[in-house]
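Analysis of the macromolecular model
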Amino acid sequence: MVEKKKGVSCEKNEQSFLGNIKPLGPYSLFRIEDNFVFLAGQIGVDGEVLKETLEEQLEQALKNIYRILVSIGLTPADIVKATIFTTRIDQAQKINAIWESFFRKYSDVFPARTFVGVSALPRGAVIEIDVIAHLKDERALFGVGKHFFLTKDFLKSHEYFERAWRKKGKYNELGKAFAILSAGFIKLQEGKFQKTLFTKATELLKNFVSKDKIKSFKDAVSKGDKEKLFDLSSAILEEIKIS
């Protein structure tokens, strides 16, 4: 049996979208716990380069937060709590203007926020932001399921896909299909190939993918080709636009 983990970080392979965003120390960029995603504090660094002005650092920190969220199928609209740490508390009006402009693009409801003046921040930054996002709907649940599936944490992907499926909304059929696929890959990790799980998932996917892909999927199922099955499943997931 594969042991179920209580919390999961992004230590695996999110670099396709995150690019040069990485931890600056021994910590995770984010952790997902139940219905919440906790992001590590972000300063205004682009790779290893710290932006110069307050405005540039704030905009870069927000950009980093955006990219981390999008990499797991979320958006800034899912942020429910934020904390700003700054050595320039006297520039609160300027910070608020940039903050409002950023969040207005995603929602009319702003996250709750704490604003803290500090004497110093890592790497000489003048501002740092940490946020908590909430998985409040099936879109967010499906997005997190997608993240875990692509990083081959099938126990977690099964959990979140099933929760999206149980919502019985836009992602109902897809959530069900990928919950079943996740169950199939869990069995594969245990050294068991349950063809019926993959066959059932294939039938559910017919409404979402081309006939050619379904044919390729059926061929992989018939051959028990687990690598091809994962590659095809991942390709289908990558094509799905979460909105």
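Residues numbered from 1 in each chain as written. Predicted model: local features only at pLDDT ≥ 70, side-chain atom pairs only at ≥ 80, totals over all residues. Heavy atoms only, no water.

1. Considerations on the overall build of the chain
Stated precisely, the cut-off is as follows: Secondary structure elements are taken from DSSP: a helix is a run of H or I of four residues or more, a strand is a run of E of two residues or more, and numbering for both begins at the N terminus. To sort residues, take the accessible area from a 1.4 Å probe on protein chains only and compare it with the maximum for the residue type: under 20% means buried, over 50% means exposed, and anything in between is partly exposed. Throughout, a residue-residue contact means that at least one pair of heavy atoms, one from each residue, lies within 4.5 Å. Note that accessible areas follow from Shrake-Rupley with a 1.4 Å probe, and for residues the cover is restricted to the protein chains shown. Positive charges are assigned to Lys and Arg, negative charges to Asp and Glu, while His and the chain termini are left out of the count. Where a charge lies is defined by one atom per residue type: Lys uses NZ, Arg uses CZ, Asp uses CG and Glu uses CD.
Regarding its fold elements, the chain presents 9 helices and 9 strands. Projecting the C-alpha coordinates of the chain onto the three principal axes gives extents of approximately 65 × 35 × 30 Å. Burial analysis of the chain (243 residues in total) assigns 47% to the buried set. In the chain, the share of contacts with a sequence separation of at least 24, taken over all contacts with a separation of at least 6, comes to 69%. With an accessible surface of roughly 12100 Å², the chain has 51% of that area assigned to carbon and sulfur atoms. Here the chain holds 40 positive side-chain charges and 32 negative ones, and the gap between their average locations is 6 Å.

2. Details of the packing of aromatic side chains
Rules: The criterion for an aromatic pair is that two Phe, Tyr or Trp rings (for Trp, the six-membered ring) have centres within 6.5 Å, with stacked assigned to planes under 30 degrees apart, edge-to-face to planes over 60 apart and tilted to the rest. Whether a charge sits over a ring depends on NZ of Lys or CZ of Arg being within 6 Å of the ring centre and within 35 degrees of the ring normal.
Tallied over the full model, the rule gives 20 aromatic pairs. Ring geometry for Phe 161 against Phe 178: centres 5.5 Å apart, planes inclined by 40°, an arrangement best described as tilted. With a gap of 17 residues between them, Phe 161 in helix H5 (residues 154-166) and Phe 178 in helix H6 (residues 172-189) connect regions that are remote in the sequence. Overall, the relative accessible area of 0% leaves Phe 161 in the buried class. The class of Phe 178 is buried, set by a relative accessible area of 0%. The cationic tip of Arg 113 hangs over the ring face of Trp 99; the distance from NZ or CZ to the ring centre is 5.3 Å.

3. Concerning the nonpolar core
The tendency in soluble globular proteins is for nonpolar side chains to be buried side by side. For clarity, the cut-off: Residues enter a nonpolar core if they are buried and are Ala, Val, Leu, Ile, Met, Phe, Trp, Tyr or Cys, with the set joined through side-chain atoms within 4.5 Å.
By size, the foremost hydrophobic cluster in this structure holds 68 residues, and its most contacted members are Val 37, Leu 74, Ile 129, Phe 142, Phe 149, Phe 178 and Leu 205. When residues in this core are grouped by element, the largest group, 10 residues, is from H6. Ignoring anything within four residues of it in the chain, the contact list for Leu 205 reads Leu 174, Ala 177, Phe 178, Leu 181, Ile 214 and Ile 236.

4. Re the pairing of strand S2 (residues 30-33)
To be explicit about the condition: Strands are labelled as partners when DSSP assigns at least two bridges between them.
Of the two faces of S2, the one lined by Phe 30 and Ile 32 is fully buried and the one lined by Arg 31 and Glu 33 carries no buried residue. In this structure, S2 lies alongside strand S3 (residues 36-39), joined through 4 bridges in antiparallel fashion. When the sheet's bridge partners are listed, Ile 32 is paired in S3 with Val 37.

5. Some remarks on the environment of Phe 230
Structurally, Phe 230 is set in helix H9 (residues 226-239). Taking relative accessible area as the criterion, Phe 230 reaches 11% and is therefore assigned buried. Spatially, the C-alpha atom of Phe 230 lies 9.7 Å from that of Phe 217, the residues being 13 residues apart in sequence. Not counting residues within four places of it along the chain, the set of residues in contact with Phe 230 comprises Phe 149, Leu 150, Lys 152, Phe 154 and Phe 185.

6. Digging into the confidence of the model for the chain
Rule in force here: A residue's pLDDT is simply how confident the predictor is in it, with values from 0 to 100.
Of the residues in the chain, 91% reach a pLDDT of 70 or more, and the chain-wide mean stands at 88. Element-level mean pLDDT values for the chain span from 42 in strand S1 (residues 8-9) up to 98 in strand S7 (residues 79-86). Across residues 1-15 the pLDDT falls below 50, and counting only partners more than four positions away or on other chains, this stretch makes 38 contacts in the model.

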